[in-house]
Amino acid sequence: MDRAVDAANLGVSAAGDLSVWALFMNASLVVKLVMLGLLLCSIMVWAIIIDKFVTIRRINRAASGFEDRFWSGGSLDDLYESDGAKPVSPMAAVFGAAMGEWRRSARIPGVDLVRGGVKERVDRAIGITITREMDRLRRWVIFLATVGPVAPFVGLFGTVWGIMHSFSSIAAEHNTNLSVVAPGISEALFATAIGLLTAIPAYVAYNVISNSMDLFEDRLEGFGTEFAAILSRQSEERV
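All of the points below concern the structure found in this document. As the structure is a computational prediction, the values presented were derived from the model and not from experiment.

**What about the packing of helix 3 (residues 29-70) against helix 4 (residues 76-84)?**
- Interhelical geometry of helix 3 versus helix 4 gives an angle of 150° and a closest axis separation of 10 Å. As judged from the angle between their axes, helix 3 and helix 4 are roughly antiparallel. Touching F66, R69 and F70 of helix 3 are L76, L79 and D83, all from helix 4.
- Residues that form the contact of helix 3 with helix 4 fall into these classes: four nonpolar, no polar and two charged.

**With respect to the nonpolar core**
- In this structure, F66, F70, F95, M99, L144, F223 and F227 are the most contacted members of the largest nonpolar core, which totals 50 residues.
- Listed by contribution, the elements that provide at least two residues to this core are helix 2 (20-26), helix 3, helix 4, helix 5 (90-106), helix 6 (118-137), helix 7 (141-173) and helix 8 (178-238).
- Ranked by residues supplied to this core, first place goes to helix 8 with 14 residues.
- Other than its neighbours up to four places away in sequence, L144 contacts V45, I48, I49, A202, A205, Y206 and I209.

**Points about the side chain of K52**
- On the secondary structure map, K52 appears in helix 3.
- Among buried charged residues, K52 stands out as having no salt bridge; its nearest opposite-charge side chain is D51, 4.1 Å away.
- Within the structure, K52 has its side chain in polar contact with the backbone oxygen of L137 (distance 2.8 Å).
- K52 has contacts with R136, L137, R138, R139, V141, I209 and M213, leaving out every residue within four places of it along the chain.

The rules behind each value
Residues numbered from 1 in each chain as written. Predicted model: local features only at pLDDT ≥ 70, side-chain atom pairs only at ≥ 80, totals over all residues. Heavy atoms only, no water. Axes fitted to C-alpha atoms, helices over the stretch in contact; angles between N-to-C directions. Helix = DSSP H or I, 4+ residues; strand = E, 2+ residues; numbered from the N terminus. Parallel < 35°, antiparallel > 145°, perpendicular 65-115°, else oblique. Contact = heavy atoms within 4.5 Å. Nonpolar A, V, L, I, M, F, W, Y, C, P; charged D, E, K, R; others polar. Core = buried A, V, L, I, M, F, W, Y, C linked by side-chain atoms within 4.5 Å. Buried < 20%, exposed > 50% of the residue type's maximum accessible area, 1.4 Å probe, protein only. Lys, Arg positive; Asp, Glu negative; His and termini not counted. Salt bridge = Lys/Arg side-chain N within 4 Å of Asp/Glu carboxyl O. Polar contact = N/O pair within 3.5 Å; in protein donor to acceptor, adjacent residues only side chain to side chain.

None of this, on its own, says anything about what the molecule does.
What follows is the structure, encoded as structure tokens:
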């Protein structure tokens, strides 16, 4: 009966000591730093995820609206003045760069729009603009790619340190009782759990966001190629 009561009391004590707050407060300084670092990374990961998903939705919606205006049959010069001169979306920026280069070339006295290197300059303007816009959109995505594989190892470091702390407690007290071993082991497992909770969303989000970015880049390149062909055809019609 006494053993049963002691076991029950031990279970209650262990349960009380193994709360999330207690695990953090009772952890050693090194494990606390690991947990705080992983928690900070997790906050940054979720901030980046939310920002990128909102951005991807916004730029796709803006691209669809711009394409509707582009293919509506209106004047390209009017569209340049309204959208291309001061672009607020990546696709409008590609259009503005190509149209601006073509208009500057067309104003050169005696220029041959077909054989004067205009097409190459327009293509180069489109390529540079797409690269610049995608670099801006991909900013901070590399952080997700870094946290994904690294966070579990940081948590593993906390795990190893917690186990070492447990063995130190056993050696100091010459006692292998659960009440001595449990806190350090719990700290170790808790650090690993935080590492996994940080890494999994980062890894999944990186793949999803990278795929969405690649699709949008293909969309920009397709529009750029099509628009370059339109400008090339207009150049030939002016000759």
